[in-house]
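# Structure assessment
Here is what each chain is made of, one letter per residue.
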Amino acid sequence: TRYFVDHRKVRVVGGQGGGGGHSFYSEPRKIFGGPDGGNGGDGGHVILKADQQMKSLSSVLPFYQGFHGEKGGSKNCYGANGACMYVKVPVGTLVKEDGKVVADLTHHGEEYVAAYGGAGGKGNRFFLSNENRAPTLFTPGEPGQERVLHLELKTTAHAGLVGFPNAGKSSLLRAISRAKPAVAAYPFTTLNPHVGVVHYQDYEQVAVADIPGLIKGAHQNRGLGMAFLRHIERCRFLLYVVDLSVSQPWIQLQDLKYELEQYKKGLSERPCVVIGNKIDLAQSRINLPLLKEQIGDRVIALSALTGDNLEELLLHLRELYDTYVKTEQSRGQSPLRW
């Protein structure tokens, strides 16, 4: 079973540098050839590398040791440097040390040197001088850098489905993408964020994240709490999923925006659309005009179960995506691509 892990504490140690060589050159007819001990190789670095194929921190181990450099040899032979050790992490990984953010790996292929390898030692050849023609001094390699890092994953997607438990977020994601989150008639069916990709005819792809259901007091760590509120931070625009069949569905929307705002100021003000789900039920048709009267945002009424009016959502989702791309390009930044 693959477990979704979005937190990891990792101890990383760079490779130790190789010791310097200690030898004197000697052969027939050239007895006093002088020192010829080479320098040791540098230790290898431990490098974190963002990879799109990785979706969780579950494969990240709690300890990594870099490769050591080789010892310097005779005949002025230098020791080989230790190879770099690459640790693959998901795109969207935040690296913290002592509570401070030291790296934010948000693009595929982005790298961060978690621990530098130690420098190689000097061989006795290095200490040759006019004053000292036969040095016996050589130095050992330096130890690699040692650090304790906290890795935190924040799901990177274009759109985030935000709603209370059983609002139909997972059913909606199944309807518009190939993602297969669990669907059942009880709260908190979704325990991990799922990302589905919506494909368009011009080969553009919009990533939609299904965030596990929020409840009142989520910003105070109630329910699934902050463990999944942080996954909403990276979403460029939000899709509020409201169950139209319940009484006064606009209160759901107010509560959701309040929880987001309490968690991080400005989060509820991102571009959004309100999705009124379960329009196939009789009570929902009665509540729909009341919901439109109460709120100022655009409302798209649909049914994730029967597929009614999914096209309007897909078209509006593309509009939000195109607006996001233009905004990023006008700032001189490259938009997130899937």
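Residues numbered from 1 in each chain as written. Predicted model: local features only at pLDDT ≥ 70, side-chain atom pairs only at ≥ 80, totals over all residues. Heavy atoms only, no water.

### A short note on the overall build of the chain
Counting its secondary structure elements, the chain contains 5 helices and 14 strands. Buried positions account for 48% of the 338 residues belonging to the chain. Long-range pairs, those at least 24 residues apart, make up 72% of the contacts in the chain between residues at least 6 apart in sequence. Of the roughly 17,400 Å² that the chain leaves accessible, carbon and sulfur atoms contribute 51%. (Helix = DSSP H or I, 4+ residues; strand = E, 2+ residues; numbered from the N terminus. Buried < 20%, exposed > 50% of the residue type's maximum accessible area, 1.4 Å probe, protein only. Contact = heavy atoms within 4.5 Å. Areas by Shrake-Rupley, 256 points an atom, 1.4 Å probe, with all protein chains shown as cover.)

### Examining the pairing of strand β9 (residues 159-163)
With respect to burial, β9 is a largely interior element, 5 of its 5 residues being buried. On β9, burial covers both faces: Ala159, Leu161 and Gly163 on one face and Gly160 and Val162 on the other are all buried. In the sheet, β9 pairs with strand β11 (residues 205-210) via 3 bridges, with the strands oriented parallel. Across the sheet, residue Ala159 finds its bridge partner in β11, namely Val208. (Pairing = 2+ DSSP bridges.)

### Description of the sheet that holds strand β6 (residues 100-105)
Pairing in this open sheet of 5 strands is mixed, and the strands run β3-β1-β8-β5-β6 from one edge to the other. Because the sheet does not close on itself, it has two edges, and the strands there are β3 (63-65) and β6. Strand-to-strand twist across the sheet, computed as the mean angle between neighbouring axes with direction ignored, equals 25°. As paired elements, strand β1 (residues 7-13) and strand β8 (residues 146-153) share 7 bridges and run antiparallel to each other. Across the sheet, His7 pairs through a bridge with Glu152, a residue of β8. (Axes fitted to C-alpha atoms, helices over the stretch in contact; angles between N-to-C directions.)

### Section: the confidence of the model for the chain
Of the residues in the chain, 89% reach a pLDDT of 70 or more, and the chain-wide mean stands at 82. In the predicted structure, residues 184-190 sits below a pLDDT of 50 and forms 18 contacts with residues beyond four places in sequence or in another chain. (pLDDT = per-residue confidence, 0-100.)

### Looking at the sheet that holds β11
As a general point, the strands of a sheet are linked pairwise by backbone hydrogen bonds and lie either parallel or antiparallel. Pairing in this open sheet of 6 strands is mixed, and the strands run β10-β11-β9-β12-β13-β14 from one edge to the other. Unpaired on one side and paired on the other, β10 (194-199) and β14 (299-301) mark the two borders of the sheet. Direction aside, neighbouring strands of the sheet carry axes that sit 25° apart on average. By the bridge criterion, 5 bridges tie β9 to strand β12 (residues 237-243) in an arrangement that is parallel. Residue Ala159 lies in a different strand from β12, and its bridge partner there is Phe237. Where helix α5 (residues 310-330) meets the sheet, it contacts β9, β10, β11, β12, β13 (272-277) and β14, and its direction lies at approximately 155° from that of β12.

### Some details on helix α1 (residues 169-176)
Turning to α1, its buried residues number three or more, namely Lys169, Ser170, Leu172, Leu173 and Ile176. Projection of α1 onto a plane perpendicular to its axis shows the buried side chains occupying an angular sector of 160°, all on one side. Buried positions along α1 lie against β9, β10, β11, β12, β13 and α5. (Arc of directions from axis to C-beta.)

### Quick look at unusual backbone geometry
Here Lys75, not a glycine, exhibits a phi torsion of approximately 55°, which is positive. Mapping Lys75 onto the fold places it in the loop between β3 and β4 (85-90). Given the relative accessible area of 61%, Lys75 is considered exposed.

### Focus on the pattern of salt bridges
One pass over the full model with this rule turns up 10 salt bridges. Here Glu146 makes a salt bridge to Arg11, at a shortest N to O gap of 2.8 Å. In this pair, Glu146 is assigned in strand β8 and Arg11 in strand β1, connecting sequence segments 135 residues apart. Measuring nitrogen to oxygen at the nearest pair gives 3.4 Å for the salt bridge that ties Arg331 to Glu328. A relative accessible area of 57% means that Arg331 is categorised as exposed. Here the salt bridges do not stand alone but share partners, grouping Asp202, Arg318 and Asp322 into one network. (Salt bridge = Lys/Arg side-chain N within 4 Å of Asp/Glu carboxyl O.)

### With respect to helix α3 (residues 249-263)
Along its 15 residues, α3 runs 22 Å from first to last C-alpha, staying within 8% of the 21 Å computed at 1.5 Å per residue. Here α3 has its buried residues at Pro249, Trp250, Gln252, Leu253, Asp255, Leu256, Glu259 and Leu260. (Expected span 1.5 Å × (residues − 1).)

### Overview of the packing of aromatic side chains
Inspection of the entire model under this criterion finds 2 aromatic pairs. A ring pair is formed by Phe126 and Phe127, whose centres lie 5.2 Å apart and whose planes are at 85°; its orientation type is edge-to-face. Using a relative accessible area of 48% as the deciding quantity, one classes Phe126 as partly exposed. Judged by relative accessible area, which is 22%, Phe127 ranks as partly exposed. (Phe/Tyr/Trp six-rings, centres within 6.5 Å; stacked < 30°, edge-to-face > 60°.)

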